[in-house]
Amino acid sequence: MNIRAIIQKIKSSFNHQEGLPNETVLGFLRVLESVREEDVPCDEVYAKIDEYVERQVDKKDAAQLMPLVREHLDMCSECCEEYEALLDVLEKTSREEK
Ligand SMILES: [Zn+2]
């Protein structure tokens, strides 16, 4: 079983709970984070975050369109912080425009 398959399994269990993952799962994800090697590197995600956030604010389908970015954001707290910061800014600006 490869890491990607394991992560998929965890993610599908998140979907069942519809809420915040518990500490055990988070701990497990941190372990996975330290061993994974085949995933998208942060550089690549960073390059796509703008597009991802814009898509998310605009049409709300960024996760479907860029599942690899979504997957990375779920696992990488650094990129996720960047994403959330950008999302915050973009949501505020798009609200002001309307
Ligand atoms: Zn990252």
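Residues numbered from 1 in each chain as written. Predicted model: local features only at pLDDT ≥ 70, side-chain atom pairs only at ≥ 80, totals over all residues. Heavy atoms only, no water.

Visitor: Please clarify how the pattern of salt bridges should be interpreted in this entry.
Guide: If charged atoms from side chains of opposite charge come close, those side chains can pair. Counted by the stated rule, this structure contains four salt bridges. Here aspartate 61 ties to arginine 55 by a salt bridge, and the two come within 2.8 Å at their closest N and O atoms. Taking the relative accessible area as the measure of exposure, arginine 55 reaches 26% and is therefore partly exposed. In this structure, the salt-bridge partner of aspartate 74 is arginine 70, at a minimum N-O distance of 2.7 Å. A residue pair is termed a helical-turn pair when its members lie 3 or 4 positions apart in one helix, as aspartate 74 and arginine 70 do in helix α5 (residues 67-75) at four residues. When its relative accessible area of 34% is taken as the criterion, aspartate 74 is described as partly exposed. (Salt bridge = Lys/Arg side-chain N within 4 Å of Asp/Glu carboxyl O. Buried < 20%, exposed > 50% of the residue type's maximum accessible area, 1.4 Å probe, protein only. Helix = DSSP H or I, 4+ residues; strand = E, 2+ residues; numbered from the N terminus.)

Visitor: Sorry if this is basic, but what is going on with the coordination of the zinc ion here?
Guide: The reference angle at a metal is 109.5 degrees if four donors form a tetrahedron and 90 or 180 degrees if six donors form an octahedron. Within the protein, Cys42 (SG), His72 (NE2), Cys76 (SG) and Cys79 (SG) serve as the donor atoms for the zinc ion, at 2.0 to 2.3 Å. Each of the four donor atoms bound to the zinc ion contributes to angles spanning 99 to 113 degrees, and the resulting shape is tetrahedral. Between the donor residues of the zinc ion, the gaps in sequence give the motif C-x29-H-x3-C-x2-C. Side by side, histidine 72 and cysteine 76 carry an identical accessibility label, which is buried. (Donors = N, O, S within 2.8 Å, 3.2 Å for Na, K, Ca; no water. Tetrahedral: all angles 85-135°; square planar, octahedral: opposite > 155°, others 65-115°.)

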